[in-house]
Amino acid sequence: MSVSDTQGLLAAGGYVADRALATTVHLSLAMQRPLFLEGEPGTGKTEIAKVLSAGLGRPLVRLQCYDGLDLSAAAYEWNAAKQLMAIRMAEGGARPDIYAREFLQERPLLAAISGPPSVLLIDELDRADEPFEAFLLELLADFQLTIPELGTVKAATPPVVIITSNRTREVHDAIRRRCLYQWVDYPDAARERAILALRAPDVPERLSAQVVAFVQKLRAGDYFKLPGVAETIDWANALKALDASELEPTAVDETLGVLLKYQDDIAKLRGAEAARLVDEARSAA
Amino acid sequence: MGLVRVTALAANLLSFARLLRRAGLPLGTAEVMAAAQALSCIDIGERREVQAGLRAVMVHRHEHAEIFDAAFNIFWRDPEASRHAAAMAMLDGFKPEEKQRPGSRRLAEAMARDRPPPPKEMEEPPPLLDMAMSVSERERLQAMDFEAMSAAEIAFARAEIRKLRLPLDARRTRRYRPDPYGPRVDLRATLRRSLRTGGEIVTIARRRRVVRPPPLVAICDISGSMARYAQVLLHFLHAVTNDRDRVAAFLFGTRLTNITRQLKHRDAEAAFEMIAHLVPDWSGGTRIGEALEKFNKEWSRRVLGQGAVVLLITDGLDRDGAAGLAEATERLQHSCRRLIWLNPLLRFSGFQPKSQGIRAMLPHVHEFRPVHNLNSLRELVEALSDPHRRVA
């Protein structure tokens with residue numbers, strides 16, 4: 001398999017990757033190393049995992065991170081109720097082994113290495129706290145989990161591991177060193193048009209070209225939160241739903257909430273500034 | 001296996017790694033070995049592929065990507081580049097500036113020596129530092145304005161500051177730790193313990209939620225009007241940074257500089273030496289609005305997660321006439337759990353928020369406190385550790 005094959009695999013799943021991203025994904029598959037994707041929200045980091053899962057025909061195991069995520073929610077948990085029941089049932093008889101596999105409840109991380117070969121998505125790792133990162137190290141380095149009462153569970157086939165971060169917190173160097181690192185940036189105009197053609201095929205070509213030109217110009221501006229690709233797709237669909245065939249200042253003003261998510265930003269863009277960008281976008285596209 | 005056969009490639013890779021290290025990238029053997037493995041997986045005739053591949057294994061942070069790309073371009077043109085002075089000079093440009101800038105000398109001086117105390121109404125000569133300072137002397141210094149202190153007195157103040165601990169009101173996390181008197185039963189530990197007693201549950205293990213202080217972000221003004229305070233406050237920030245985890249510190253005058261990594265240095269003098277090299281605008285003018293806007297855009301999402309408390313240390317005297325200041329402060333207030341403004345000007349009992357900058361910022365902070373002497377610092381510490389204090 002080559003980089004072009006990987007790029008093709010992603011494209012077949014509806015993901016337009018640039019060469020650098022395709023190379024990193026290819027290396028991650030070839031070297032069996034976890035892939036650490038960092039970038040602004042809405043640049044398609046999570047989507048890569050979904051597309052890889054579909055393209056490789058492997059089930060997607062997803063772990064959404066949050067503050068306070070711990071072992072019992074992320075990896076495994078002993079089924080205490082069942083264990084107590086087993087002790088009760090055996091009262092007087094032979095003592096049951098309450099740490100047998102049947103009492104173990106699998107959570108995403110354990111499921112990813114003990115089940116069939118999978119794609120493991122550890123989403124928004126920056127939302128989890130530092131102790132959880134430390135716990136991931138063994139899994140990322142050796143694709144195994146050590147359960148004190150049971151022993152070490154090792155993956156027969158290493159899962160494809162994708163970690164994403166929106167950089168709301170710096171993820172520790174120890175995690176980074178075990179992964180291949182890729183910064184996922186906003187796409188350039190050509191790639192964004194290609195993405196729109198794939199992800200919003202109903203939108204007229206003229207409109208989608210103008211949408212992309214508008215968003216690209218908007219990203220050069222001074223806003224608190226710039227729109228990601230996800231917002232571009234939503235916005236194109238929104239304009240289509242309003243039966244727009246071209247960018248119009250009024251339609252843009254009415255749908256700004258799809259594109260920008262902070263009131264300060266919307267207030268700054270609405271009106272004259274939006275009209276100016278519409279003009280520029282229409283003459284550029 | 002590829003490594004042994006393609007020795008020329010391996011040698012090139014090693015000298016490329018040397019070049020990257022020279023440019024300041026942290027690069028270990030593991031990265032070089034991974035790079036060799038990566039090269040065997042891709043088409044090494046394809047330049048962009050090689051660049052992207054090597055970057056993926058050798059770079060671990062976005063900030064380093066630019067240095068990597070520059071080094072790669074030099075190396076691709078001429079693998080012997082590491083021997084050429086010109087190429088090296090280009091890469092050295094990425095390293096932190098080594099030579100002393102005027103501003104940095106000022107900072108170094110400000111840190112090391114003392115300037116003549118400003119002529120104040122107090123005419124008595126500054127007392128020599130007496131190691132066994134009398135109680136009344138201590139009391140006098142507690143209430144003395146930092147601005148009026150002599151070098152010896154500042155040294156004493158530093159020693160006192162180093163003793164201050166900043167126990168911010170702890171937040172409950174969603175994590176548990178074993179605690180024999182905890183409110184919750186830990187079934188897993190209880191069952192494991194029961195094995196010791198032949199499967200009979202004799203004792204019940206309990207647990208309790210972990211509490212931990214929230215992250216702290218300090219944004220400190222080092223413009224001319226604040227220079228004297230900033231000197232002492234930097235010591236305070238240094239003490240706090242080394243006392244607890246999750247502290248981020250920024251300095252601003254006309255530009256915003258992140259000094260978190262430098263402040264983590266245990267030795268205060270060494271830390272300030274590094275900061276002196278980093279900060280371009282020591283004792284210059286102030287553009288508070290611009291600095292806060294930059295903080296909001298580039299750093300707030302990265303350091304204000306998990307309920308951070310922000311200490312904004314500035315006198316609010318803005319050179320730009322408070323342009324954009326109100327909006328930036330409001331955005332900052334909305335992005336953190338608590339925004340505390342520390343203002344040395346508040347020491348004057350008849351303080352009136354007359355300056356445009358102060359009027360713009362005041363409605364958008366949770367708390368407004370003086371910070372001009374040891375007593376006010378101590379009060380700050382007490383206020384921060386009071387869990388029942390509500391937003392003002």
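Residues numbered from 1 in each chain as written. Chains lettered and ligands numbered in written order. Predicted model: local features only at pLDDT ≥ 70, side-chain atom pairs only at ≥ 80, totals over all residues. Heavy atoms only, no water.

Student: Would you mind showing me how to read the pattern of salt bridges here?
Tutor: Oppositely charged side chains may form a pair once their charged atoms are brought near each other. As enumerated under the stated definition, the model contains 35 salt bridges over all chains in all. Between R175(B) and D129(A) there is a salt bridge, with its nearest N and O atoms 2.6 Å apart. One end of the pair, R175(B), is in strand β1 (residues 171-178); the other, D129(A), is in the loop between β5 (119-123) and α7 (130-142), on a second chain. R175(B) gets classed as buried once you look at its relative accessible area, which sits at 16%. Between E63(B) and R167(A) there is a salt bridge whose closest N-O contact spans 3.7 Å. Taken together, the residues E63(B) in helix α5 (residues 62-77) and R167(A) in the loop between β8 (160-165) and α8 (173-177) connect one chain to another. For R167(A), a relative accessible area of 12% translates into the label buried. If you follow the salt bridges from partner to partner, you end up with E38(A), R167(A), E170(A), D173(A), R176(A), R61(B), E63(B) and R302(B) in one network. (Salt bridge = Lys/Arg side-chain N within 4 Å of Asp/Glu carboxyl O. Helix = DSSP H or I, 4+ residues; strand = E, 2+ residues; numbered from the N terminus. Buried < 20%, exposed > 50% of the residue type's maximum accessible area, 1.4 Å probe, protein only.)

Student: So what exactly am I meant to see when it comes to the sheet that holds strand β3 (residues 206-212) of chain B here?
Tutor: Hydrogen bonds between backbone atoms are what pair the strands of a sheet, whose relative direction is either parallel or antiparallel. Residues and elements named next belong to chain B. Read from one edge of the open sheet, three strands run β1-β3-β2, paired in antiparallel fashion. Edge strands, defined here as strands with exactly one partner in the open sheet, are β1 and β2 (184-185). Note: β2 against β3, two bridges, orientation antiparallel. Counterpart to V185 in the pairing with β3 is R206. (Pairing = 2+ DSSP bridges.)

Student: How should I be thinking about the interface of chain B and chain A in this particular structure?
Tutor: Many authors give the size of an interface as the accessible area that is lost as the parts come together. Residue-level contacts link 41 residues of chain B with 52 residues of chain A. When the two sides are added together, the surface that chain B and chain A hide from each other amounts to roughly 4,200 Å², 51% of it contributed by carbon and sulfur. Counting the contacts that link chain B with chain A gives 11 salt bridges. Among the ionic pairs, D222(A) bridges to K297(B), the shortest N-O distance being 2.8 Å. (Contact = heavy atoms within 4.5 Å. Buried area = accessible area lost by both parts, 1.4 Å probe.)

Student: Looking at this structure, I do not really get the sheet that holds β8(A). What am I missing?
Tutor: All names here are of chain A. Across the sheet, five strands lie side by side as β2-β5-β8-β1-β9; this open sheet has parallel pairing. If you trace the sheet from one side to the other, it starts and ends with β2 (60-64) and β9 (180-184), each paired once. The sheet shows a mean angle of 20° between the axes of neighbouring strands, direction not considered. Against the sheet, helix α2 (residues 19-31) touches β1 (35-39), β8 and β9, its axis set at about 155° to β9. (Axes fitted to C-alpha atoms, helices over the stretch in contact; angles between N-to-C directions.)

Student: What exactly am I supposed to notice about the nonpolar core here?
Tutor: A general tendency of soluble globular proteins is for nonpolar side chains to be buried together. Within the largest apolar cluster, 91 residues are counted, with the highest numbers of intra-cluster contacts made by L109(A), I122(A), L125(A), F132(A), F16(B), L54(B) and M58(B). The element contributing the most residues to this core is helix α3 (residues 29-41) of chain B, with six residues. Excluding anything up to four places from it in sequence, I122(A) contacts L63(A), C65(A), L109(A), L136(A), V161(A), I162(A), I163(A) and T164(A). Core analysis: the next-biggest nonpolar cluster, separate from the first, contains 36 residues, A157(B), L233(B), W282(B) and V371(B) among them. (Core = buried A, V, L, I, M, F, W, Y, C linked by side-chain atoms within 4.5 Å.)

Student: Could you clarify how one ought to interpret the pairing of β3(B) in this entry?
Tutor: Side chains on a regular strand alternate between the two faces of the sheet. Here five bridges tie β1(B) to β3(B), and the two strands are oriented antiparallel to one another. Bridge assignment links Y176(B) to a residue of β3(B), and that residue is R209(B).

Student: Sorry if this is basic, but what is going on with helix α5 (residues 80-89) of chain A here?
Tutor: Side chains three or four residues apart in an α-helix point the same way, a direct result of the helix having 3.6 residues per turn. Of all the positions in α5(A), only A80(A), Q83(A), A86(A) and I87(A) are classed as buried. An end-on view of α5(A) places all buried positions within 120° of arc, on one side of the element. More than 90 degrees from the buried face of α5(A), the exposed residues found are A81(A), M85(A), R88(A) and M89(A). Looking at the buried positions of α5(A), the neighbouring elements they touch are β3 (76-78) of chain A together with α10 (187-194) of chain B. (Arc of directions from axis to C-beta.)

Student: Just to check I follow, could you spell out the packing of helix α10 (residues 205-219) of chain A against helix α11 (residues 229-241) of chain A for this structure?
Tutor: A pair of packed helices is characterised by two quantities: the angle between their axes and the separation of those axes. Residues and elements named next belong to chain A. For the pair α10 and α11, the least separation of the axes is 10 Å and the interaxial angle reads 140°. Relative to α11, α10 is oriented oblique. The crossing of α10 and α11 is right-handed. Residues L207, V211, F214, V215 and R219 of α10 touch α11, and the partners they reach there are V229, T232, W235, A236, L239 and K240. Here the residues of the contact of α10 with α11 are counted per class, giving eight nonpolar, one polar and two charged. (Parallel < 35°, antiparallel > 145°, perpendicular 65-115°, else oblique. Left-handed = near helix turned anticlockwise from the far one by under 90°. Nonpolar A, V, L, I, M, F, W, Y, C, P; charged D, E, K, R; others polar.)

Student: Any chance you could explain the pairing of β8(A) here in plain terms?
Tutor: Residues and elements named next belong to chain A. Within β8, six of the six residues are buried, leaving the element largely enclosed by the surrounding structure. Side-chain alternation along β8 places V160, I162 and T164 on one buried face and V161, I163 and S165 on a second face that is also buried. Pairing geometry for β1 and β8, over four bridges, is parallel. Within β8, the residue paired with E38 across the bridge is S165. Alignment of β5 against β8, held across four bridges, turns out to be parallel. When the sheet's bridge partners are listed, I122 is paired in β8 with I163.

Student: Can you walk me through a nonpolar patch on the surface in this structure?
Tutor: A cluster of nonpolar side chains, contributed by L84(A), V185(B), L187(B), I201(B) and I204(B), occupies part of the molecular surface with about 380 Å² of accessible area. Mapped onto the elements of the fold, I201(B) is located in the loop between α10 and β3. Since its relative accessible area comes to 36%, I201(B) is described here as partly exposed. (Patch = residues over 30% accessible without salt bridge, like charges linked within 9 Å, V, L, I, M, F, W, Y side chains within 5 Å. Areas by Shrake-Rupley, 256 points an atom, 1.4 Å probe, with all protein chains shown as cover.)

Student: Can you help me understand the confidence of the model for chain B in this one?
Tutor: All names here are of chain B. When pLDDT is averaged along chain B, the result is 75, and 73% of the positions lie at 70 or above. By mean pLDDT, helix α7 (residues 102-112) is the weakest element of chain B at 44, and helix α4 (residues 47-58) is the strongest at 92. Note that pLDDT drops below 50 for residues 96-133; the model gives that stretch 49 contacts with residues more than four away or on any other chain. Confidence drops under pLDDT 50 across residues 387-392; counting only partners more than four residues distant or on other chains, this segment forms seven contacts. For this predicted complex, the interface confidence reaches an ipTM of 0.79, while the overall pTM sits at 0.75. (pLDDT = per-residue confidence, 0-100.)

Student: What should I look at first to understand helix α13 (residues 268-278) of chain B in this one?
Tutor: What α13(B) keeps buried is the set A268(B), A271(B), F272(B), I275(B) and A276(B). In a view along the axis of α13(B), the buried residues occupy a sector of 140°, so they form one face of it.

Student: In this structure, what is going on with the packing of aromatic side chains? I would like to understand it.
Tutor: For any two aromatic rings, the description comes down to two numbers: the centre-to-centre distance and the angle of the planes. Enumeration over the complete set of coordinates arrives at 12 aromatic pairs over all chains. When the ring of F36(A) is compared with that of Y181(A), the centres are 5.9 Å apart and the planes differ by 40°; the resulting orientation is tilted. Taken as a pair, F36(A) in strand β1 and Y181(A) in strand β9 lie far apart in primary sequence, 145 residues in all. A relative accessible area of 4% places Y181(A) in the buried class. An aromatic cluster of three or more residues is present, and its members are F16(B), F68(B), F72(B) and F75(B). In this structure, K268(A) is placed above the aromatic ring of Y223(A), and the distance from its NZ or CZ to the ring centre is 5.3 Å. Note that R207(B) overlies the ring of Y176(B), its terminal NZ or CZ placed 4.0 Å from the centroid. (Phe/Tyr/Trp six-rings, centres within 6.5 Å; stacked < 30°, edge-to-face > 60°. Lys NZ or Arg CZ within 6 Å of the ring centre and 35° of its normal.)

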